[in-house]
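In case you want the letters, here they are:
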Amino acid sequence: MSNLSELLPAGSSVKSADFVAQGTLASGVTVGLRSDGKVEAVSSSSVTEQLGSAVVFESASSGFTAATFDSVNNKVVIAYQDNGNSNYGTAIVGTVSGTSISFGTPVLFESATIYHTSATFDSNSNKVVIAYRDAGNSNYGTAIIGTVSGTSISFGSAVVFETANANYESVVFDSNSNKIVIAYRDEGNSSFGTAIVGTVSGTSISFGSAVVFNSGTTSPISATFDSNSNKVVIAYPDGGNSGYGTAIVGTVSGTSISFGSEVVYESANTNGNVSAVFDSSNNKVVIAYPDNGNSSYGTAIVGTVSGTSISFGSPTVFESAYAYEISATFDSNANKVVVAYTDIGNSSYGTLVVGTVSGTSISFSSPSVFESADTQYSSPTFDSNLNKVVIAYKDGGNSGYGTSVVFQNASTSTNVSSYVGITDQAISSAATGKVVCKGGAITNTGLLPFAPSFGTAATFDGGTIYQRAVAFDSNSNKVVIAYRDNSNSDYGTAIVGTVSGTAISFGSEVVFEAADSRYTTAVFDSNSNKVVIGYSDYGNSQYGTAIVGTVSGTSISFGTPVIYESAASRYQASTFDTSSNKVVIAYQDNGNSNYGTAVVGTVSGTSVSFGSPVVYEAGDVQGQGAGFDSTNNKVVIAYRDGGNSGYGTAIVGTVSGTSISFGTAVVYEAANSNGASVTYDSTAQKIVISYTDTGASTANAIVGTVSGTSISFGSPVVFSASSIYGSSVIYDTSQNKIVISYGSVSSGKSLAGTVNGTTISFGTATTFSAAATGEVSAVYDSSTNKTVTTFALTTGYAGKAIVGSLTNALTPNTAYFVQDDGTISTSSTSTKAGTALSTTSLLLTG
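Q: Would you explain a nonpolar patch on the surface in this entry?
A: Together, Tyr-322, Tyr-324 and Ile-344 make up an exposed nonpolar region whose accessible area comes to about 240 Å². For Ile-344, a relative accessible area of 35% corresponds to the partly exposed category.

Quick look at the structure:
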């Protein structure tokens, strides 16, 4: 059966139908219809960011590289000036495989010196178009048509489009009119910015009349095609207006082009390789450029075309150094903009950043070096067949050889768009089974989303408490809460809780530090079966201090406090490394410029000893969270990097003996972030960080993948669209779910998340506190398979704890949507699963 419509006779509603399964399917699985008529599970797959090795395509000095992708032959074509062959115009065909690329033999397209090459692919005629300045013919603006065959390319005759010195050519294909547009500087007409429309026919191209779009000195120039508005957008520094960054919108009609008014996007000189690209996911134009009014920093801005004009958001710096020879492409698989450039601030190394458009703004990853040498003429293109970016460039570290590298963005793909229904029985691969289709109702607990449910909150301290930390002692099966007891001189205090059913009861409070104790953190050492509490001892110059606790019955006793930092310390966070059997405490070292610092502790009996402190961030850090990746045996610390605009940042640590070493810090949120909490999903083998994006006033979660001594991240997922006081993330091993609890000005809430690949999806949040709730701290009780969330209301600040568990049920009369990973939740997507008829029944009304 190849068409769902065959199942739906006019005026009837089909509840189920028989389908052949592609792959073994469990009952209650969302499935998509394949082109062969079979059904397969709706799922997503993810790939991590990768950079291949450099491959030489020209063993001679090369310049003016221009790369494009032939989507019919699935080949990359690079045009360039071959300095080893009299600067002749040359092209070569590349085939991507994995993260590498191989090349055919170079082919001449112009037996003369050429400059300013630009290339595009005409998907109407299936030809490559190269525009350039022909120094062998009076520097005339010239174009030529290339036809790819196998691993080679052949060319027609060169055609002059400007009988004058033409510079800074930028060629683009208008897929609406099926025309080529070349923008250039016309030296024969006062260096005015000019554009011309070309029509490809066979192996030749013909042109209409040239049209001036800027009556001033114009260079450099970059053109892109906005396929949403069907307009050409040209970006350039306007020499007639102080070199200001300027853009203009062009409309192709027949063999001509007309323009709207010029729009300034940067009121400063932007000379030095401007690059415009179209983001077809967000329908936005992105322009990358050097902002010479801001130390030539690499900068980008997002533009929105409307009619014959374009408006812009605010500029974003992607490189806080002089960025030169900037060029960009759009990865339509990952929906990311990739910008390649020469980083003058870092030895002119070839560098790239990945940009994500949101609304009228763009955020960037940390810069990555793709060539550790002086790099020029970088030109990236996107291979839409293999979903890879290919960057061609001149490698100054290797005799200027023409070189290329393949870059793979991290991405997640899904077949959710083919969703057809939900299996009503288990179906073996290639067997036939029942699928409930749209219009039918299904009762199947296998598809129900998870949500937390709670018992009644219990008060463990009726006074005022602050800065709670909680740990689960899996030896005694008890919960230990450590806090600053404001009602008792701010003494450091701990209490033991016992979970029974949906309730928790407490023993008596025990003082572990008879002095003002703040920034408490608690962790369980499963090797010594001890609880370790770290804190700032305000009775002793705020020194970083730790103490070992032993749970017995419903109480806890303590050894002697041990100083791990003989200076004021704050924002402690801790985790236990089960591989080395060490406690790791991360903190802000006030005695060393507030640097992010970590120390390794070894528990022995009722005491703990520490190695030497190690700086992991030479900048002001706050809001740390720490977790342990038990698959890779790595510690992950997340924090707010005050030395880098408060960006959310993470770093991977490796414990060896009594010390810890770190990889390179990675930004996971390029905005002011705070309150990081870290956990490890041992099923998905991913790190999950919850945090507050103070720049957007949202609460987010992000999934991290540890590899070696580094970590890469997917995209942030918002779990609260309004501000929160802080969050705590834990992993429920019984249900294989992430649980995030948080407090806000109106309530305390908790929700369950499912990690899939490099992303996370959430169910509906459950309220555990119906009043304004401050910061929370949660832990998973693996003995009862319950969560314990500790919190305090923002009035009174009495210490409270509540027991939760994950249950799976639908909410009647609520719409549910199929997520990319095949699960269903109330998180809105374009693919509706249906509406709940009851707690266990779903009407598939998608």
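Having seen the model, we can carry on.
Q: Would you mind going over the confidence of the model for the protein chain with me for this structure?
A: In regions of low pLDDT, the predicted coordinates are not meant to be interpreted in detail. Summarising the model, the protein chain shows a mean pLDDT of 94, and 98% of its residues fall at 70 or more. Confidence over residues 1-14 falls short of pLDDT 50; this stretch has 19 contacts with residues more than four positions distant or in other chains.

Q: Looking at this structure, I do not really get unusual backbone geometry. What am I missing?
A: Across residues other than glycine, the phi torsion is negative in most instances, and most of the peptide bonds are trans. Here the bond from Ser-219 into Pro-220 is cis, since omega is -15 degrees, no more than 30 degrees from zero. Residue position: Pro-220 is located in the loop between strand 18 (211-217) and strand 19 (222-226). For Asn-785, which is not glycine, the phi dihedral falls at a positive 55 degrees. Along the chain, Asn-785 falls in the loop between strand 67 (777-781) and strand 68 (786-791).

Q: How should I be thinking about the environment of Ala-451 in this particular structure?
A: With respect to the helices and strands, the residue Ala-451 is situated in strand 39 (residues 450-454). For Ala-451 and Asn-283, which are 168 residues apart along the polypeptide, the C-alpha to C-alpha distance reads 35 Å. Residue contacts for Ala-451: discarding those within four places in its chain leaves Thr-764, Thr-766, Ser-805, Leu-806 and Thr-807.

Q: It is not clear to me how the sheet that holds strand 38 (residues 441-443) should be interpreted in this structure. Could you clarify?
A: Adjacent strands of a sheet form backbone hydrogen bonds with each other and so pair up, either parallel or antiparallel. Pairing is antiparallel in the open sheet, where 5 strands are placed in the order 38-73-72-70-71. The open sheet is flanked by strand 38 and strand 71 (824-825), the only strands paired with a single partner. In the sheet, strand 72 (residues 832-836) pairs with strand 73 (residues 841-843) via 2 bridges, with the strands oriented antiparallel. In the strand pairing of strand 73, Thr-835 is matched with Leu-843.

Q: Help me out: how do you make sense of the pairing of strand 17 (residues 204-207) in this one?
A: Within a regular beta strand, the side chains point alternately toward one face of the sheet and then the other, so they alternate between its two faces. Strand direction decides the pairing type here: strand 16 (residues 192-201) and strand 17, joined by 4 bridges, are antiparallel. Bridge pairing in strand 17 places Ser-201 opposite Ser-204. Between strand 16 and the antiparallel strand that follows it, strand 17, lie 2 residues; Gly-202 among them carries a positive phi value of about 65 degrees.

Q: Even after reading the chapter, I still don't get the pairing of strand 32 (residues 368-383), so can you show me in this structure?
A: Both strand 30 (residues 349-358) and strand 32 contribute to a ladder of 4 bridges, which runs antiparallel. The partner of Tyr-349 across the bridge, within strand 32, is Asp-374. Bridge analysis of strand 32 against strand 33 (residues 388-395) gives 7 bridges, and the strand direction is antiparallel. Bridge pairing in strand 33 links Phe-382 to Val-389.

Q: Just checking my understanding: could you explain the pattern of salt bridges for this structure?
A: Once their charged atoms are close, side chains differing in charge can pair, the charge on each being opposite to the other. For the structure shown, the criterion picks out 7 salt bridges. Taking the shortest distance from any N to any O, the salt bridge between Asp-18 and Lys-434 comes out at 3.2 Å. Taken as a pair, Asp-18 in strand 1 (residues 16-20) and Lys-434 in strand 37 (residues 432-437) lie far apart in primary sequence, 416 residues in all. Judged by relative accessible area, Asp-18 falls into the partly exposed class, the value being 40%. Given the relative accessible area of 35%, Lys-434 is considered partly exposed. For Glu-40, the salt bridge is made with Arg-34, and the minimal N-O distance between the two is 3.3 Å.

Q: Even after reading the chapter, I still don't get the side chain of Asp-134, so can you show me in this structure?
A: By the secondary structure assignment, Asp-134 is in strand 11 (residues 127-134). Buried charge without a partner: Asp-134 forms no salt bridge, and the closest opposite charge is Arg-133, 8.6 Å away. Of the polar contacts made by the side chain of Asp-134, one reaches the backbone nitrogen of Gly-136; its length is 3.0 Å. When sequence neighbours within four positions are dropped, the list of residues in contact with Asp-134 reads Glu-110, Ala-112, Thr-113, Asn-139, Tyr-140 and Thr-142.

Q: Would you take a moment to explain the packing of aromatic side chains for this structure?
A: What describes a pair of aromatic rings is the distance from one ring centre to the other and the angle between the planes of the rings. Applying the stated criterion across every chain, the model contains 32 aromatic pairs. For the ring pair Phe-64 and Tyr-115, a centre distance of 5.6 Å and an interplane angle of 85 degrees mean the geometry is edge-to-face. Taken as a pair, Phe-64 in strand 6 (residues 55-70) and Tyr-115 in strand 10 (residues 107-122) lie far apart in primary sequence, 51 residues in all. When its relative accessible area of 25% is taken as the criterion, Tyr-115 is described as partly exposed. On the numbers, 5.3 Å between centres and 50 degrees between planes, the contact of Phe-318 with Phe-364 is tilted. One end of the pair, Phe-318, is in strand 28 (residues 316-331); the other, Phe-364, is in strand 31 (residues 361-364), and 46 residues separate them in sequence. Phe-364 carries the same exposure label as Phe-318, and that label is buried. Three or more aromatic residues link up through ring pairs in this structure, and these residues are Phe-57, Tyr-80 and Phe-103. The ring of Tyr-538 is capped by Arg-518, whose NZ or CZ atom sits 4.4 Å from the centre of that ring.

Cut-offs and rules
- All residue numbers here refer to positions counted from 1 along the written sequence of the relevant chain.
- The predicted origin of the model limits local features to residues at a pLDDT of at least 70 and limits the giving and counting of side-chain atom pairs to 80 or more, whereas totals for whole chains, interfaces and linings rest on all residues.
- As a rule here, side-chain values cover all heavy atoms of the structure and leave hydrogens and water aside.
- Patch definition: residues above 30% relative accessible area lacking any salt bridge, with like charges linked at up to 9 Å and the nonpolar side chains Val, Leu, Ile, Met, Phe, Trp and Tyr linked at up to 5 Å.
- Using a 1.4 Å probe, accessible areas were evaluated by the Shrake-Rupley method; residue-level cover was limited to the displayed protein chains.
- Salt bridges are counted wherever a side-chain nitrogen of Lys or Arg sits within 4 Å of a carboxyl oxygen of Asp or Glu.
- For each residue, the accessible area found with a 1.4 Å probe, counting protein chains only, is set against the maximum for its type, and the residue is called buried under 20%, exposed over 50%, and partly exposed in between.
- What pLDDT expresses is the predictor's confidence in each residue, scored from 0 to 100.
- Any two residues having at least one pair of non-hydrogen atoms within 4.5 Å are treated as being in contact.
- Each helix is a run of H or I in the DSSP string that is no shorter than four residues. Each strand is a run of E no shorter than two, and both are numbered from the N terminus.
- Two strands pair if DSSP finds at least two bridges between them.
- Charge counting treats Lys and Arg as positive and Asp and Glu as negative, with His and both chain ends excluded.
- Two N or O atoms count as a polar contact when they lie within 3.5 Å, although within protein this holds only if one can serve as hydrogen donor and the other as acceptor, and sequence-adjacent residues are included solely when both atoms are side-chain atoms.
- Any two of the Phe, Tyr and Trp rings considered here, Trp counted by its six-membered ring, make a pair once their centres fall within 6.5 Å; the pair's planes then place it as stacked at under 30 degrees, edge-to-face at over 60, or tilted in between.
- The criterion is that NZ of a Lys, or CZ of an Arg, lies within 6 Å of the ring centre and within 35 degrees of the ring normal, and then a charge sits over that ring.

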